[in-house]
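# Breakdown of the fold
Read off the chains here:
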Amino acid sequence: MKSMPLKDPRSPLAPPRHAVIVSSALTFALAALGVALAALSMLYFGRGGAHPPADMRVGRLPVMGYNTWNAYHCDINETVLLETASLIKSLGLADVGYDYVNVDDCYSEKKRNDNGDIVADPTRFPHGMKWLTDHIHSLGLKAGIYSDAGWFTCALYPGSFQNEERDAKLFREEWGFDLLKYDNCAVPFDEISRENIIGRYVRMSDAIATQAKASGQPPLLLSLCEWGNQQPWLWAKRIGQSWRTTGDIGPNWNSVADIINKNSFISWASDFYGHGDLDMLEVGNGDLTFEEAKAHFTAWAFMKSPLLIGTHLADASTETLSILKNTEIIAINQDPVVGTAITPFRWGAGPQWTSNSTHPAQYWSGESENGTVFMLLNVLDEPADLFFNLTESPWIRSGRQYSVRDLWAHTDNGTAARNISVPAVPAHGVVALLLQDAGDEPEGIEPKCSVLEWCIDKNGTLIR
Ligand code: GAL
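On a predicted model such as this, the values are computed, not experimentally measured, just so you know.

What follows deals with helix H9 (residues 290-302). In this model H9 runs 18 Å from its N-terminal to its C-terminal C-alpha over 13 residues, within 8% of the 18 Å that 1.5 Å per residue would give. Burial runs high along H9: 11 of the 13 residues are buried. Looking only at H9, the buried set comprises Glu-292, Ala-293, Lys-294, Ala-295, His-296, Phe-297, Thr-298, Ala-299, Trp-300, Ala-301 and Phe-302. Tucked into the core, H9 has its buried residues touching helix H8 (253-264), strand E8 (307-309), helix H10 (318-324), helix H11 (327-333), strand E11 (371-377) and strand E16 (430-440). After H9 finishes, the residue Lys-304 shows a positive phi value of roughly 60°.

Right, let's talk about H8 for a bit. The end-to-end C-alpha distance of H8 is 16 Å, a good match for the 16 Å that 12 residues give at a rise of 1.5 Å each. Counting buried positions along H8 yields 9 of 12 residues, so the element is predominantly enclosed. Within the sequence span of H8, burial applies to Trp-253, Ser-255, Val-256, Ala-257, Ile-259, Ile-260, Asn-261, Asn-263 and Ser-264. Looking at the buried residues of H8, the elements they touch are H9, strand E9 (343-346), strand E10 (363-368) and E11.

This paragraph deals with the site of the ligand. The local shell around the ligand holds 13 residues, among which Asp-104, Asp-105, Lys-181, Asp-183 and Asp-248 are the closest. In the model, an oxygen atom of the ligand is placed 2.8 Å from a nitrogen or oxygen of the Lys-181 side chain. The separation between an oxygen atom of the ligand and a polar side-chain atom of Arg-244 is 3.1 Å. Contact with the protein chains removes 95% of the 310 Å² of surface that the ligand exposes when unbound. Here the residues of the shell around the ligand sort into 7 nonpolar, no polar and 6 charged.

Analysis parameters
Residues numbered from 1 in each chain as written. Predicted model: local features only at pLDDT ≥ 70, side-chain atom pairs only at ≥ 80, totals over all residues. Heavy atoms only, no water. Helix = DSSP H or I, 4+ residues; strand = E, 2+ residues; numbered from the N terminus. Expected span 1.5 Å × (residues − 1). Buried < 20%, exposed > 50% of the residue type's maximum accessible area, 1.4 Å probe, protein only. Contact = heavy atoms within 4.5 Å. Near = heavy atom within 4 Å. Polar contact = N/O pair within 3.5 Å; in protein donor to acceptor, adjacent residues only side chain to side chain. Areas by Shrake-Rupley, 256 points an atom, 1.4 Å probe, with all protein chains shown as cover. Nonpolar A, V, L, I, M, F, W, Y, C, P; charged D, E, K, R; others polar.

Here's what the structure looks like:
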């Protein structure tokens, strides 16, 4: 491409008068535009749009680690955290990516101290929080803490409303945490808050940005927990790195199926730096069968949810660990190239493929660094044959064949053209496949088109 000369060499040195007027009007207009843009950006950044410089951004991929709530609820202490951290290492969980150890609710005294600071419960955490995070960091892991956008947490310990800057500083600088889960209980009266939920969460994200800027440290990773009440998938990525999409999970299939169903409509919102959080894992807990736990883990991983283990690690079974350590499933969750989640290409088992909380979408696909990923769920209470045409997924090209990798059996299953059928998938079971383009499909496959609707010969003959 030819470059334009910066200045026309034939122009007189002094521009004509009308040009001066035009140019000062232009300068004025540009200055006004600049002021307007600055004001706009202040408005925008004031609503939590401030991102730190690229090399300081946190949470590009979904967080993997451990959270105390599902296994221990309020029954936490220093020993639980230390044991959990060392089990994460010794069980090989850190090696496959679980690197956060997160403290949930109930770690503090019920009242702030005279200076206004939250105080770690001296009985539960006799050595204090800095000692705890130092220990976690010394294992090569990171540490997470919990607070709330209201006056109190859900278990009625101090929340951070009106103390956001003080608490962000305490959590990050004095206690040494890397992540903050931020809950939504005990919110102030309207006349005090005069804000919506976005505004209440922006208060903390601004405090985190201020702390990071002042200290030069990477910011606390902010994990929003307002249970999907006010469509956080529309706004939360401006404020934090993940947002709970749904209410609290329970260790049973009904809860897992309900969460999958709700997320099937909003999983498109996840991408790098902003992840729908389907809640902490129940793998290894309650009534979930092995098949159900595999389906649960696959759905969470492929929808790019944070993967936070929530079971007692000291007595985790081999089956539980084999699920949590399936590196082929984890690789999709932690894909460094493709940040988006899988979505359904066909919904439920009901008439007209409708779905509901007990029968979520069955056929899902998405892009990945290494090919197209499929998740097939048998949402029925008995074994079922699952079948789909490859080109039902938008990520598959017609007229091609694909190599098929089974991400649970860990086997290469040859190539597929046109369709895939999996017989006798167990009740509430899952099939996870990775397909890679393997060239043109074999010659002579009939019919000529996998999708017959409006498929036509060059001479105008419709194929039926
Ligand atoms: C809930 C939250 C749970 C847990 C609990 C602690 O609001 O969804 O994950 O953090 O509070 O009280």
